[in-house]
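In case you want the letters, here they are:
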Amino acid sequence: MEAQTGKKRMIIKSVGYALPRIILPGSLIVIAAISHLLTLPMALGLIMIILLSGIACGYVRYREIEALSIYIRQLSDDRKPADDIIQFLRKDTSLAESLDELQHNWRNKKTQLETMLAESKIVFDTMPDVFVMLNRRLEIIRANSAAHEAFKRNLKWKNCDAISADPVFLQAVQSVLEEETSRSIELRIPENGRDYSLRIERFPVASPGGIALILVMHDITESKRMKQLVSDFVANASHEIRTPLTGIIGLIETIRTSAKDDPQARETFLEMMAEQAKRMNDLVNELLSLSKIEINAFSTPKEIVHVEDIMADCIQQMEALAAEKEMDILVEPHNDLPLIKGDTNELAMVLTNLLSNAIKYGNARTPIHVHVGTTSSFALEIKEALPLECKLAIYIAVSDNGEGISPDHLPRLTERFYRVDKARSRAVGGFGLGLSIVKQIINHHQGALQIESVLGQGSKFTVYLPV
């Protein structure tokens, strides 16, 4: 209907363009004929010629207007104009130049727009935060890659309760839509077990795509976990220090009062105080070691070390402690190990901790096995922990024949102050920091730690260090 109306308008304009070219010369010819300056046949012939030329001019103008309209319509529809249209319009030199400039500008603008759209899509999809857009019906009309990864499914055209059915979340979305004020809330997604800081904003302008709300979700799971770890660390460290300190204060008070005239009791209490002081000193040293390792966590070790030499020194130092429980440290034969970059003192702490734990928690009169070698075959969880370029690694495995550890405890063994059996750990002098120190040092060396245990049979701790 609109096309027909447009054609009628063009025909009327073309007729209007042709009429002045017909009426004026025709009028002059009629006057000349009346004045007997021209014979009637000559006048009619001239009028016919003028009429035909006017119609021809009008038709050409009509074709030009129609071709120009088609040209512009095709450009506006983001299509390249047809060659026959372009060739027809090129007959007029000035018009051809203008049309060439128009087409050139159109191509430039089209390229710029396509580039901007591609760049915005790349930015949108590579944003680490979850980014979701809703329409006024609270349907998801766009979601970036982070959103699809977080929710493990395509969210497009689903209702916003596909993100969360939490009433607080749904009420916040509705209130922003109605009140035109932004909101910030914390939201936990049960599907992936992650916590998010959620910002809900209204789209600032009227959107042709129907965008009404923007949701930005920043993952704060690790941040909350670290805050909890710091809180737990302070509480545990305070408790571990306060316990021996309270004991020392109580013993001092006893020596100053009821035991001040009893030399034997005084000697016993002083020995107990020395044990408690030593325990506090050991705890402070372990905390300082852990702090030092964390400070150097982002600097790669540069020293060239020989693992065999470090291991031999550590085993020699631990043999006396093993002998107290009539335990032997058995090292399996191994080939010459390659040199690696590492920190001698830190690697010595790793081996000392693992051997010390094996002696403390292994059964008396049972051997401790130490396996050392190189490997290029890794379990999946080890391969993911090692650097991508790692093709070969030294492994050190320390095994004991103790009570073993329940599978429920294995994932938490490297947490600070975590102890499977607190009473037993205190009895053997443990604070729950040893394996945390081991884990930090191994991370510093870009290595991996594997823990295996079977209840009633013992435990095996394997360290992988990339060559």
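Our subject in this report is the structure included herewith. What you are looking at is a predicted structure, and each value in this text was computed from that prediction instead of being measured.

**Re the overall build of the protein chain**
- Each helix and strand in the protein chain was counted, giving 13 helices and 12 strands.
- For the protein chain, buried positions account for 35% of its 467 residues.
- Sequence-distant contacts in the protein chain: of pairs separated by 6 or more residues, those separated by 24 or more amount to 61%.
- Summed over its atoms, the accessible surface of the protein chain is roughly 28,300 Å², and 57% of this surface lies on carbon and sulfur atoms.

**Concerning the pairing of strand E1 (residues 130-134)**
- The buried fraction of E1 amounts to 5 of the 5 residues, a majority that puts the element mostly inside the structure.
- Here E1 shows no split at all, with Val 130, Val 132 and Leu 134 on one side and Phe 131 and Met 133 on the other all buried.
- Sheet topology note: the E1/strand E5 (residues 213-219) ladder contains 5 bridges and is antiparallel. The residue bridging Val 130 from the neighbouring strand is Met 217, located in E5.
- Where E1 lies against strand E2 (residues 140-143), 3 bridges are found, and the strand directions are antiparallel. Among the inter-strand pairings, Val 132 is bridged to a residue of E2, identified as Ala 143.
- Where E1 folds back on E2, the antiparallel hairpin that results is connected by 5 residues, among which Leu 138 adopts a positive phi of roughly 60°.

**Notes on the pairing of strand E3 (residues 183-189)**
- Relative to strand E4 (residues 194-202), E3 runs antiparallel, the two being bridged by 7 bridges. Each residue of the ladder has a partner; that of Ser 184, found in E4, is Arg 199.
- Between E3 and E4, which pair antiparallel and follow one another directly, the connecting turn spans 4 residues, one of which, Gly 193, has a positive phi of 65°.

**Remarks on the packing of helix H10 (residues 344-361) against helix H13 (residues 434-444)**
- Two elements in contact, H10 and H13, have axes separated by 9 Å at closest approach and are oriented at 145°. Relative to H13, H10 is oriented so that their crossing is left-handed. For the pair H10 and H13, contact is made by Glu 346, Leu 347, Met 349, Val 350, Asn 353, Leu 354 and Asn 357 and by Gly 434, Leu 435, Ile 437, Val 438, Ile 441 and His 444, respectively.
- Split into classes, the residues belonging to the contact of H10 with H13 amount to 8 nonpolar, 4 polar and 1 charged.

**Here we look at the packing of helix H9 (residues 307-324) against H10**
- One can describe the packing of H9 onto H10 by two numbers: an axis separation of 9 Å at closest approach and a directional angle of 30°. As H9 packs across H10, the resulting crossing turns out to be right-handed. For the pair formed by H9 and H10, the contact residues are Ile 310, Met 311, Cys 314, Ile 315, Met 318, Leu 321 and Ala 322 on the first element and Thr 344, Leu 347, Ala 348, Leu 351, Thr 352, Leu 355, Ser 356 and Ile 359 on the second.
- Counted by class, the contact of H9 with H10 contains 12 nonpolar, 3 polar and no charged residues.

**As for helix H8 (residues 263-295)**
- With 33 residues, H8 extends 47 Å from end C-alpha to end C-alpha; this agrees with the ideal 48 Å at 1.5 Å per step.
- Buried within H8 are the following residues: Ala 265, Met 273, Arg 279, Leu 283, Leu 287, Leu 290 and Ile 293.
- Between the side-chain oxygen at the start of H8 and the backbone nitrogen of Gln 264 there is a gap of 3.2 Å, and the oxygen is on Asp 262.

**So, the sheet that holds E4**
- Reading across from one edge, E2-E1-E5-E4-E3 is the order of the 5 strands in this open sheet, with antiparallel pairing throughout. Two strands close off the open sheet at either side, each with one partner strand: E2 and E3. Between one strand axis and the next, the sheet turns through 25° on average, direction left out of account.

**Examining the side chain of Ser 459**
- Its location among the elements puts Ser 459 in strand E12 (residues 458-466).
- Given a relative accessible area of 7%, Ser 459 falls into the buried group.
- There is a polar contact of 2.8 Å between the side chain of Ser 459 and the side chain of Ser 453.
- Once you skip the residues sitting within four places of it in the chain, Ser 459 turns out to touch Val 398, Ser 399, Asp 400, Gly 404, Ile 405, Glu 452 and Ser 453.

**What about unusual backbone geometry?**
- In this model, Trp 157 sits at a positive phi of 70°, which is unusual for a non-glycine residue.
- As for its placement among the helices and strands, Trp 157 is situated in the loop between helix H5 (145-151) and helix H6 (167-179).
- Using a relative accessible area of 52% as the deciding quantity, one classes Trp 157 as exposed.
- A positive phi angle, near 55°, is found at Glu 326, a position not held by glycine.
- On the accessibility criterion, Glu 326 (52% relative accessible area) is exposed.

**Here we look at the pattern of salt bridges**
- Counted under the stated rule, the structure contains 6 salt bridges.
- Note that Lys 224 is salt-bridged to Glu 186, the shortest N-O span being 3.8 Å. With Lys 224 in helix H7 (residues 221-256) and Glu 186 in strand E3, the pair connects residues that are 38 residues apart, well separated along the chain.
- With relative accessibility at 55%, the residue Glu 186 sits in the exposed group.

**Side note on the sheet that holds strand E9 (residues 368-375)**
- The sheet built from 5 strands is open, its strands ordered E7-E9-E10-E12-E11 with mixed pairing. The open sheet is flanked by strand E7 (329-331) and strand E11 (448-454), the only strands paired with a single partner. Ignoring strand direction, the axes of neighbouring strands in this sheet form an average angle of 15°.
- When E11 meets E12, the two strands line up antiparallel, connected through 7 bridges. Note that in E12 the partner of Ser 453 across the bridge is Ser 459.
- Contacting E7, E9, strand E10 (393-399) and E12, H9 runs over the sheet at an angle of about 160° to E7.

Criteria and thresholds
- Residues numbered from 1 in each chain as written.
- Predicted model: local features only at pLDDT ≥ 70, side-chain atom pairs only at ≥ 80, totals over all residues.
- Heavy atoms only, no water.
- Helix = DSSP H or I, 4+ residues; strand = E, 2+ residues; numbered from the N terminus.
- Buried < 20%, exposed > 50% of the residue type's maximum accessible area, 1.4 Å probe, protein only.
- Contact = heavy atoms within 4.5 Å.
- Areas by Shrake-Rupley, 256 points an atom, 1.4 Å probe, with all protein chains shown as cover.
- Pairing = 2+ DSSP bridges.
- Axes fitted to C-alpha atoms, helices over the stretch in contact; angles between N-to-C directions.
- Left-handed = near helix turned anticlockwise from the far one by under 90°.
- Nonpolar A, V, L, I, M, F, W, Y, C, P; charged D, E, K, R; others polar.
- Expected span 1.5 Å × (residues − 1).
- Polar contact = N/O pair within 3.5 Å; in protein donor to acceptor, adjacent residues only side chain to side chain.
- Salt bridge = Lys/Arg side-chain N within 4 Å of Asp/Glu carboxyl O.

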